[in-house]
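Fold and geometry: a report
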Amino acid sequence: MDMARCGLDCDACEYRESTHCPGCRALADGRPFWGECRVALCALGKGYGTCVECPVMPCDTLTAFSYDAEQGDNGQRIENLRRSRGL
């Protein structure tokens, strides 16, 4: 699975092809096609490839993003991160 910093499954993203998005881990500035991402900027600022490397995962920022009415996925990205960590 190609995973975004927040745990989103990039392979399943419906916008990836139409926006030619390389995935936020390929972007050095933490700005995906839709604008600035607080989760990506946080991970970048701490030197992490994804949030799974953070000892406080899932933090309030990631949880709020994961359950956001517009961009969230009801916590699926957090579960993706947990699975990648082996939890």
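Residues numbered from 1 in each chain as written. Predicted model: local features only at pLDDT ≥ 70, side-chain atom pairs only at ≥ 80, totals over all residues. Heavy atoms only, no water.

1. A short note on the nonpolar core
Cys6, Val39, Cys51, Met57, Leu62 and Leu81 are the most contacted members of the largest nonpolar core, which totals 16 residues. Taken together, the elements giving at least two residues each to this core come down to helix H2 (38–45), helix H3 (60–66) and helix H4 (76–85). Leave out the neighbours within four places in its chain, and Val39 touches Cys6, Cys51, Thr61, Leu62 and Phe65. (Core = buried A, V, L, I, M, F, W, Y, C linked by side-chain atoms within 4.5 Å. Buried < 20%, exposed > 50% of the residue type's maximum accessible area, 1.4 Å probe, protein only. Helix = DSSP H or I, 4+ residues; strand = E, 2+ residues; numbered from the N terminus. Contact = heavy atoms within 4.5 Å.)

2. Observations concerning unusual backbone geometry
In the segment running from Met57 into Pro58, the intervening peptide bond is cis, with an omega of 0 degrees. Structurally, Pro58 is set in the loop between H2 and H3. The backbone of His20 sits at a positive phi, close to 55 degrees, despite the residue not being glycine. Summarising the element assignment, His20 is placed in the loop between helix H1 (16–19) and H2. The phi angle at Asn74 is positive, at roughly 55 degrees, despite the residue not being glycine. By secondary structure assignment, the location of Asn74 is in the loop between H3 and H4.

3. Describing the layout of surface pockets
When its volume is computed, the largest pocket comes out at roughly 530 Å³. Considering the residues around the largest pocket, the lining is formed by 26 residues, among which Leu8, Cys13, Tyr15, Trp34 and Arg77 are closest to the centre. The residue makeup of the lining of the largest pocket, split by class, is 16 nonpolar, 3 polar and 7 charged. (1 Å grid on protein atoms, 1.4 Å probe; cavity = no way out; pocket = protein on both sides within 12 Å on 5 of 7 lines; lining within 4 Å. Points joined across faces, edges and corners; volume = space filled by probe spheres on them. Nonpolar A, V, L, I, M, F, W, Y, C, P; charged D, E, K, R; others polar.)

4. What about the confidence of the model for the protein chain?
Per-residue confidence for the protein chain averages 87 on the pLDDT scale, and 95% of its residues sit at or above 70. Across the protein chain, the element-wise mean pLDDT spans from 86 in H1 up to 95 in H3. (pLDDT = per-residue confidence, 0-100.)

5. So, empty space enclosed by the protein
Throughout the structure, instances matching the rule amount to 1 cavity of 30 Å³ or more. Forming the walls of the largest cavity are Val39, Cys42, Ala43, Lys46, Tyr48, Cys51, Cys54, Val56, Met57, Cys59, Thr61 and Leu62. For the lining of the largest cavity, the secondary structure elements donating two or more residues are H2 and H3. Looking at side-chain class alone, the lining of the largest cavity contains 10 nonpolar, 1 polar and 1 charged residues.

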